Amino acid sequence: MDVLRDLLNWRSLRWKIAALVAMACCAIALTVGALVHRSTLARSLNDGRSKAVTQLSQDLRDYERYGTPPDSLRMSPEAVPAELLRRLRGPQGLRDGYATWYDGDGPGDHPSMWAARTYRGRPVAVEVDMTPDLLTRRALDRHMWKYSLVALAIVVPLSALAAELPHRRLRRVARTARRIASGDLAARTKVGRGSDEIAEIAGDVDSMADSLLGRLLAEQRFTADVAHELRTPLMGLVTASGLLPEGEATELVRDRVAVLRTLVDNLLEIARLDTGAERADLGPVPLAEAVRESLVRTGLQTRLTTAGALSAETDPRRLDRIVANLVINAHRHGRAPVEVEVAGTCVTVRDHGPGFPHELLTAGPQRFRTGASERGRGHGLGLTIALGQAQVIGSSLSFANAPGGGAVATLRLPAAD
């Protein structure tokens, strides 16, 4: 279906090249046709003048020899066309004493070539029929038009086929660029080596993908290094905060240390997800009960509804992590009420806040980026971890905004056998 749609797309490069070739062929055919027509007409008129002058000379010789004018010889001024007489009387119309005139408006589409001269003080003329020359020129014009159309019918499809190879290479480059934009940094064009513009574009796209992949790997290494470097002093802070005497300042310190510990744990988890070190322990899990327990552990007021909940083939620990992150994100960045619905093997978390920002819906969750100020402050790690854990357990996690307002996160898990 996509191939047919692309074939019928008249804006595609294939048809633009075919149209350019067709216009070039038409221009060449018109130019050549006009030149051949004018050249043929000029030659025909020149031959007609020669025939008319030769005929007039021969008729005058026969008249002098036999004393009787031939039937083709016009010796009366009334029998000579006025235009021919005007040319005969004007020196600009004479050539070697003869005046010629092409009458292309003859009756019944029968043109004639006239030749005249002054003989014994009076004009004499002959008329030569030019109908065969006219028919020959018309036949030549028809043949030129016919064979031009045949050549056009052959050249245009061939040009469209010839344009298919660069068109296919450009489509491959475009598909690769879309894959890279969607997050597949391992995608490459693979259009082959060459020195044309398409090969140059493909090389630039591959170089861009290599650069983006290198930056992403550097970011992942930096995240992992920072998390590991912070873990040792953090453990010292946790221990030291536990030794502090009870008081308001101590509670504030312990709260901040707990926040820092959560951030470091999240960074370590993201580092493990980036390196692919996480492995799921799959098994049948009653989805409604598992989600209910996750909501209880969050300690947040969340409305739960179940409708035909089934057992899912998943990792209960990672499922708890995903649901908890989604619910905490909804409470932190959205507005109450926060609703969780379990239907079959699908878990939907919805809040009634401003909804997800456009950047998140198009590019997915980004670490250290919440996307919009109205969604509140945060590190952007909760949804990133939830998406990574969903991929580990073989589930899909999608984000959308509800028509009536609010953010909606949908987790779809495989059903248990």
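Rules behind the numbers
Residues numbered from 1 in each chain as written. Predicted model: local features only at pLDDT ≥ 70, side-chain atom pairs only at ≥ 80, totals over all residues. Heavy atoms only, no water. Helix = DSSP H or I, 4+ residues; strand = E, 2+ residues; numbered from the N terminus. Buried < 20%, exposed > 50% of the residue type's maximum accessible area, 1.4 Å probe, protein only. Contact = heavy atoms within 4.5 Å. Areas by Shrake-Rupley, 256 points an atom, 1.4 Å probe, with all protein chains shown as cover. Patch = residues over 30% accessible without salt bridge, like charges linked within 9 Å, V, L, I, M, F, W, Y side chains within 5 Å. Salt bridge = Lys/Arg side-chain N within 4 Å of Asp/Glu carboxyl O. Core = buried A, V, L, I, M, F, W, Y, C linked by side-chain atoms within 4.5 Å.

Chemist: I keep staring at the overall build of the protein chain and nothing clicks. Help me out?
Modeler: A tally of regular secondary structure across the protein chain gives 10 helices and 12 strands. Within the protein chain, buried positions represent 37% of all 417 residues. In the protein chain, of all internal contacts separated by at least 6 residues, the share reaching a separation of at least 24 is 61%. When the accessible area of the protein chain is evaluated, it comes to approximately 24900 Å², of which 57% is carbon and sulfur surface.

Chemist: Honestly, a nonpolar patch on the surface in this entry has me stumped. Any pointers?
Modeler: The grouping of Y147, V150, I154, L158 and L161 at the surface amounts to a nonpolar patch, some 540 Å² of accessible area in total. Along the polypeptide, L161 turns up in helix α4 (residues 131–181).

Chemist: Sorry, what's going on with the nonpolar core here?
Modeler: The nonpolar side chains of soluble globular proteins are, as a tendency, buried together. Core analysis: the largest hydrophobic core is formed by 29 residues, its most contacted members being L287, V291, L326, V347, F399, L411 and L413. Elements supplying a minimum of two residues to this core: α7 (287–298), α8 (316–333), β9 (339–343), β10 (346–350), α10 (382–392), β11 (396–401) and β12 (407–412). A total of 6 residues in this core trace back to one element, the largest contributor, which is α8. Beyond its immediate sequence surroundings of up to four residues, L287 is in contact with L310, S311, A312, L319, V342, G344, T345, C346, V347 and L413. Of all hydrophobic cores here, the second largest spans 15 residues; its members include L45, Y63, M75 and V126.

Chemist: Would you mind showing me how to read the pattern of salt bridges here?
Modeler: Any two side chains of opposite charge can pair, so long as their charged atoms come close to each other. Across all of its chains, the model carries 7 salt bridges by this definition. Residue E127 is joined to R74 by a salt bridge in which the shortest nitrogen-to-oxygen separation is 3.2 Å. Here E127 is found in strand β5 (residues 122–129), whereas its partner R74 is found in strand β1 (residues 73–74), with 53 residues between them in sequence. Classification of E127 by relative accessible area gives partly exposed; the value is 32%. The partly exposed category is assigned to R74, whose relative accessible area is 26%. For E83, the salt bridge is made with R87, and the minimal N-O distance between the two is 3.2 Å. Residue E83 and its partner R87 are located together in helix α3 (residues 82–89), separated by 4 residues, close to a single helical turn. Each of E83, R86 and R87 takes part in salt bridges that share partners, so that together they form one network.

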